[in-house]
Amino acid sequence: MSHYHNLLIDDQDGICLITINRPEKLNALNKDTIQELSRAIEEADSAVSVRVIVITGSGNKAFIAGADISEFAHFSQEQGQALATQGQADLFDRVANCSTPVIAAINGYALGGGLELAMAAHMRIASDDAKMGLPEVSLGVIPGYGGTQRLPELVGKGRALELICSAGMIEAQHACAIGLVNSVVPADELLPTTMKLAQKIKRNAPIAIAHAIASVSAGSDPKKDGYAHEKMAFGACFATADFKEGTSAFLEKRKANFKGA
Ligand code: COA
């Protein structure tokens, strides 16, 4: 496994826990951290043994307090566009397109690029003291890592524009009420609850899960026909050994042992 300066990687029996480890900067995403995260996600997604990826932040204050403002404060128009283009391709779209399910465990501030990373993940669980927002317009810029697209998808256009245009922060309970996060738990139960969900996911057929993620994602991609994708993916599952194993196990009244093949 690669060595990382800004990340801690802990493989817990098929669940890869990635912790962003810059607590003194509230885990802000500088260039190095984005590149390392990109590499860590790629590595975990391509490892057959990894069935679920969990992303969290170190310390008890922040998940990620955004992109590192000190790195782009002096950028030109061209550099700004390149920053968003490269960041989306290298990290945010990579997370969204992972075939391994990605859960964001939001343990504090999830702001700007931090909330955008959580939104690129497939599921989000927040601690009850987490705060979320897209404060970019307060800096004279807009969300550039997919936030203007993924937020309305999760909470609707009106609520998304309220959050984006006000640059305000919302509490975890409110985020849950509007569908931005799946659930809220006390801070000390965040990782245990996330791991419990990861364990539950891990018991199921990995190729079927990958197809499910791709089918759901196809539904919100204007270039794709989600229903057509679902039919194709449904058929493809029948060609897997896992499908034979899952159906045989049910008929033989035993637990399935999926190999991811
Ligand atoms: N980029 C770069 N550095 C950041 C950062 C960011 N997005 N967010 C926090 N930091 C740094 C601070 O500069 C500070 O560093 P220093 O100790 O060297 O001065 C350190 O992290 C701690 O942050 P601080 O602001 O002192 O903590 P706080 O508890 O007073 O406030 C926040 C917490 C989250 C409200 C505040 O840090 C903040 O508003 N951050 C920026 C959020 C943002 O606009 N993100 C979107 C970026 S596009």
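Definitions and limits used
- Residues numbered from 1 in each chain as written.
- Predicted model: local features only at pLDDT ≥ 70, side-chain atom pairs only at ≥ 80, totals over all residues.
- Heavy atoms only, no water.
- Helix = DSSP H or I, 4+ residues; strand = E, 2+ residues; numbered from the N terminus.
- Contact = heavy atoms within 4.5 Å.
- Near = heavy atom within 4 Å.
- Areas by Shrake-Rupley, 256 points an atom, 1.4 Å probe, with all protein chains shown as cover.
- Nonpolar A, V, L, I, M, F, W, Y, C, P; charged D, E, K, R; others polar.
- Buried < 20%, exposed > 50% of the residue type's maximum accessible area, 1.4 Å probe, protein only.
- Pairing = 2+ DSSP bridges.
- Right-handed = clockwise from strand over helix to strand, strands pointing away.
- Axes fitted to C-alpha atoms, helices over the stretch in contact; angles between N-to-C directions.

Engineer: What is the right way to look at the side chain of Thr194 in this model?
Structural biologist: Residue position: Thr194 is located in helix α8 (residues 190–202). Setting aside its immediate chain neighbours within four residues, Thr194 contacts Val54, Ile103, Ala105 and Ile125.

Engineer: What should I look at first to understand the site of the ligand in this one?
Structural biologist: For the ligand, the set of nearby residues contains 14 residues, the closest of which are Lys25, Lys61, Ala65, Ala67 and Ile69. Here the ligand, which alone exposes 870 Å², has 60% of that area covered by the protein. Within the shell around the ligand, the residues separate by chemical class into nine nonpolar, no polar and five charged.

Engineer: Got a minute to help me understand the pairing of strand β3 (residues 52–57) in this structure?
Structural biologist: Moving residue by residue along a regular strand, the side chains alternate between the two faces of the sheet. Along β3, six of the six residues are buried, which leaves the element largely enclosed by surrounding structure. Alternating positions in β3 separate into two faces, Val52, Val54 and Thr56 on one and Ile53, Ile55 and Gly57 on the other, with burial throughout. Sheet topology note: the strand β2 (residues 15–20)/β3 ladder contains six bridges and is parallel. Directly across from Leu17, in β3, lies its bridge partner Val54. Note on the crossover from β2 through helix α1 (residues 31–46) to β3: the handedness is right-handed.

Engineer: Please explain the sheet that holds strand β9 (residues 169–171) as it appears in this structure.
Structural biologist: Strands belonging to one sheet form pairs held by backbone hydrogen bonds; the direction of such a pair is parallel or antiparallel. If you trace the four strands from one edge of the open sheet to the other, you get β4-β6-β8-β9, paired in mixed fashion. In the strand order of this sheet, the two ends are held by β4 (62–64) and β9, each with one partner. Neighbouring strand axes in the sheet, compared pairwise and without regard to direction, differ in orientation by 20° on average. The sheet contact formed by strand β8 (residues 131–133) and β9 spans three bridges and is antiparallel. Opposite Gly133, over in β9, you have Met169 as the bridge partner. Most of the contacts of helix α4 (residues 113–120) go to strand β6 (residues 109–111), to which it runs at about 90°, and overall it touches β4, β6 and β8.

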